[in-house]
Amino acid sequence: MNTKVSSWSRGKLLLLGSVLFLSSMFFGGQANAAICTWTASSSQNISNLNNWDNGSGAACSALSNLMQFNGTVTNTSAIFDVSTTTGPLFFTGGYTGTVTVSSSVIVTTTGDLTLNAGTLVIAANNTVNVGGNMSVSSTFNMTGGTLNLTSSSKQINVTTTFNMTGGTLNLSGDGILATGTGSMFLKDVNVTASTSFGLNSTSTGNITVSGSGSLNLLDRNLSTSGNLINNGASFSQASAGTV
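Along every chain, residues carry numbers that run from 1 in the direction the sequence is written. It should be noted that, the model being predicted, local features are given only for residues of pLDDT at least 70 and side-chain atom pairs only at 80 or more, the latter also being counted only at that level, while totals for whole chains, interfaces and linings use all residues. Each side-chain value is derived from all of the structure's non-hydrogen atoms; neither hydrogens nor water enter the calculation.

**Observations concerning the confidence of the model for the protein**
The condition is simple: A residue's pLDDT is the predictor's confidence in that residue, given on a scale from 0 to 100. Whether two residues touch is decided by their heavy atoms; if any such pair falls within 4.5 Å, the residues are in contact.
Here the protein averages 84 in pLDDT, and 83% of its residues register 70 or above. Within the model, the stretch residues 1-31 combines pLDDT values under 50 with 3 contacts to residues more than four positions away or in other chains.

**Description of the pairing of strand β13 (residues 139-149)**
Cut-off, in case you're wondering: Each pair of strands is called paired provided DSSP finds at least two bridges between the two strands. Helix numbering and strand numbering both begin at the N terminus, where a helix is a DSSP run of H or I of at least 4 residues and a strand a DSSP run of E of at least 2.
In the sheet, strand β10 (residues 119-122) pairs with β13 via 4 bridges, with the strands oriented parallel. When the sheet's bridge partners are listed, L120 is paired in β13 with F140. Note: strand β11 (residues 127-130) against β13, 4 bridges, orientation parallel. Each residue of the ladder has a partner; that of T127, found in β13, is T146. In this structure, β13 lies alongside strand β15 (residues 161-171), joined through 9 bridges in parallel fashion. Residue pairing in the sheet places T139 in a bridge with T161 of β15.

**Observations regarding the sheet that holds strand β1 (residues 35-38)**
In a beta sheet, neighbouring strands are held together by backbone hydrogen bonds and run either parallel or antiparallel to one another. Spatial ordering of the open sheet is given by β2-β1-β3-β6-β9-β12-β14-β16-β19-β22-β25, a layout of 11 strands whose pairing is mixed. Looking at which strands have only one partner, the edges of the open sheet turn out to be β2 (52-53) and β25 (234-237). Bridge count for strand β14 (residues 155-158) against strand β16 (residues 176-179) is 3 bridges, and the pairing is parallel. Within β16, the residue paired with N157 across the bridge is T179.

**Some words on the nonpolar core**
The nonpolar side chains of a soluble globular protein tend to be buried with one another. Which entries qualify depends on this criterion: Side-chain atoms within 4.5 Å link the members of a nonpolar core, which is a set of buried Ala, Val, Leu, Ile, Met, Phe, Trp, Tyr and Cys residues. Only protein chains enter the accessibility calculation, which uses a 1.4 Å probe. A residue is then buried if its area is under 20% of the maximum for its type, exposed if over 50%, and partly exposed in between.
Residues F69, F140, L147, F162 and L169 are the most contacted members of the largest nonpolar core, which totals 50 residues. Those residues in contact with F140, other than ones at most four positions away along the chain, are L115, L120, I122, M134, L147, T161, F162 and N163.

What follows is the structure, given as structure tokens:
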């Protein structure tokens, strides 16, 4: 009698475990695979679910999913009107609109930020945290706020212009490499981890290297009208580079 009860209980537990596993695979996979494409016709707020399409004609939340501006449906500009944590953030295809981070919000990507089309503007009193690589081959304007690159072994790849006229760039991910054929026009920069610059850069603010941080200029030039501050950290340059 006890053996039968024990066998039945084990069978029930195995069945329940199988159901839970399949459910997590299905629903979890659906959530992770969600691609939300910007389709707004007039309203510019990214918080409006009706401004996004999940690929099947249904509205979707771009929060926590892959957020895409590709111009296939609309070139309407957009505003980050709420604080947002999303997966990768892509500006691709023929998108020509302007996406502005405003209204004192925090935008965090857990993946790459790829700016291959359109314009991205980071205004004052806002924060953008990039958890992956950052690619700039279109128009990037930072007029204020804070841009944080916190993940290790990532790249800022610039083939156009990385343009800062205000705000602060914090490089705290170890092994960050700024590279590409473009140029970086910077304001205030804080380096607190191992960072290498492989493209020409100009700063109108202060560049501060602190703590365990290090700034390595490869074969490119760095100029600043502010101060280059070394707070007990490391600074090096290749023979072909100039400061």
